[in-house]
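Residue-level listing of the chains:
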Amino acid sequence: MEKLRGLKCRECGRGYPSAPVHVCEFCFGPLEVDYHYEALKGVVTRQSIAAGPPSMWRYKDLLPVDGDVAVGHHVGFTPLIRARNLADELGCREIWIKNDSVCHPTWSFKDRVVSVAVTKAREFGFDTVACASTGNLANSVAAHAAEAQMKSYIFIPADLEQGKILATLVYNPTLVAVEGTYDEVNRLCSEIADKYRWAFVNVNFRPYYSEGSKSYGFEIIEQLGWRAPDHIVVPCAGGSLITKIWKAIKELKMLGLVEGPVRTHMHAAQAEGCGPIVTMIKNDTDVLKPVRPKTIAKSLAIGNPADGFYAYRTTKDSGGFGAHATDEEIIEGMLLLARTEGIFTETAGGVTVAATNAHRDRRHPARSVDRRLHHRQRAQDARRALRPSGDAREDPPDAVGVRSGPDRSEVAGGAAPPLI
Ligand SMILES: Cc1ncc(COP(=O)(O)O)c(C=O)c1O
Ligand SMILES: [Zn+2]
């Protein structure tokens, strides 16, 4: 079955053959992978998917890999957990957590995108992979490069959490810490990508890499019994994950695999100290205003997101919204998730829980005040217990044990609250 049509410009629609390129030569629009959907209809079925492995590769027919999977055979198919206690606490009828904090092998959804990118890099004959990262991608690229026995060059802002740096260095990549923001690191990487024949997973391999995030959306639908939830709250950085979950839902619908109508609203979650996508949504403008990040949610600290425009469009097209979380609310969100569901995540998880809460308040303002006061109090108590003296806001990660405990990545990735 010939499934891949090649690449297609997201702006002018011009087609390109499959190659490690990411920008349209005519309009400078970003390229994305295009499929022969007609050929896939009736071939990709619920049965064919269920017969696949218990990993993201059960959706291989909908991913841009031609030959055998090179690395990351066990990535994905993470638990979708009915979060009854959290739902009670937030006053929601039903909340589900798509828990990619237990994604194999590096505990974030980045393993999904990286396993596709590294497999593709092998297909195109590259021997070196690289990335610009806010932390989780660094871990994942280093791990998958080790598995593929390829060289890796990883560029990060120098002020990343120590836990993230250690969890990258252990795989023995060449790690370059740059004194600057992620956006500055990323600009540097674009220049390097022009110079060396390296597979930069989120630069020249971005069209392939980003498709890996679709598996997150496919899994949500399959695990809900082939139904689409009413709402999905997604933590956003570069803005790719949210657009690809939406693309995944539309693809499954197009292939006739979704039971009933799709009424999913896609909501963006970002930190207040770095929330340019949510600001676009709130101001209802498709013009992105880059920001200089200042937040404890370092994995989401991208001030000039490559897919910001498309993330905005995704929320707009699906009737979704966006919410900013302050550092305080991020910590409260992490503590709330831990206390109610026994799930300890990094800060991106706290952002998602806080945004879910804010989204619910928006829909039911009358019920929100008491509840907010209630878990403010619970969070204050928990913080006091964790750190008897000192101001948690001065050093919030310590206050919740992120630095000293296991550095768990991403919760809720898309904490999916289907019925709020
Ligand atoms: C834990 C976590 N969640 C969500 C995201 C957002 O992904 P995207 O950059 O595709 O918006 C990131 C990005 O680094 C992340 O590390
Ligand atoms: Zn174009």
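Structure's up top.
This report concerns the structure included in the present document. Per chain, residue numbering runs from 1 following the sequence as it is written. Chains carry letters from A onward and ligands carry numbers from 1 onward, assigned in written order. The predicted origin of the model limits local features to residues at a pLDDT of at least 70 and limits the giving and counting of side-chain atom pairs to 80 or more, whereas totals for whole chains, interfaces and linings rest on all residues. Each side-chain value is worked out from all heavy atoms of the structure, with water and hydrogens disregarded.

### Digging into helix 11 (residues 276-283)
Okay, step 1: For each residue, the accessible area found with a 1.4 Å probe, counting protein chains only, is set against the maximum for its type, and the residue is called buried under 20%, exposed over 50%, and partly exposed in between. Each helix is a run of H or I in the DSSP string that is no shorter than four residues. Each strand is a run of E no shorter than two, and both are numbered from the N terminus. Those residues of helix 11 that fall on the buried side of the exposure criterion are Pro276, Ile277, Val278, Met280 and Ile281.
Okay, step 2: Residues are treated as being in contact if the distance between any of their heavy atoms lies within 4.5 Å. Check the buried side of helix 11 and you find it contacts strand 11 (265-271), helix 12 (308-318) and strand 12 (322-325).
Okay, step 3: Just downstream of helix 11 lies Asp284, where phi reads positive at about 45°.

### Some remarks on the packing of aromatic side chains
Aromatic ring pairs are described here by two measures, namely the spacing of the ring centres and the angle between the planes.
Okay, step 1: A pair of Phe, Tyr and Trp rings is counted when the ring centres sit within 6.5 Å of each other, with Trp represented by its six-membered ring. The angle between the planes then sorts it: under 30 degrees is stacked, over 60 is edge-to-face, the rest tilted. Considering all chains together, one arrives at twelve aromatic pairs under this definition.
Okay, step 2: Look at Tyr35 and Tyr37: their rings are 5.8 Å apart centre to centre, the planes differ by 45°, and that puts the pair in the tilted class.
Okay, step 3: Overall, the relative accessible area of 1% leaves Tyr35 in the buried class.
Okay, step 4: A relative accessible area of 15% places Tyr37 in the buried class.

### Some thoughts on the pairing of strand 6 (residues 128-132)
Okay, step 1: Buried residues dominate strand 6, accounting for five of its five residues.
Okay, step 2: A two-sided burial pattern is seen for strand 6, the buried positions comprising Thr128, Ala130 and Ala132 on one face and Val129 and Cys131 on the other.
Okay, step 3: Where strand 6 and strand 7 (residues 151-157) come together, five bridges link them in parallel fashion. Paired with Ala130 across the bridge in strand 7 is Tyr153. Two strands make a pair as long as DSSP finds a minimum of two bridges between them.

### Focus on the coordination of the zinc ion (ligand 2)
Okay, step 1: The zinc ion (ligand 2) binds to the protein through Cys9 (SG), Cys12 (SG), Cys24 (SG) and Cys27 (SG); the donor distances cover 2.2 to 2.3 Å.
Okay, step 2: Coordination at the zinc ion (ligand 2) comes from four donor atoms whose angles at the metal span 98 to 119°, giving a geometry best classed as tetrahedral.
Okay, step 3: Positions of the donor residues of the zinc ion (ligand 2), expressed as sequence spacing, correspond to C-x2-C-x11-C-x2-C. Taken together, the positions of Cys12 in the loop between strand 1 (4-9) and strand 2 (15-16) and Cys27 in the loop between strand 2 and strand 3 (31-35) put the pair 15 residues apart, joining distant regions of the chain.
Okay, step 4: Classification of Cys12 by relative accessible area gives partly exposed; the value is 41%.
Okay, step 5: A relative accessible area of 33% means that Cys27 is categorised as partly exposed. Because water is not among the atoms used, a metal site may look incomplete, as its donors are only the N, O and S atoms within 2.8 Å, or 3.2 Å for Na, K and Ca. A four-donor site is called tetrahedral if each angle lies between 85 and 135 degrees; a four-donor site is square planar, and a six-donor site octahedral, when trans pairs exceed 155 degrees and the remaining angles lie between 65 and 115; all other cases are labelled irregular.

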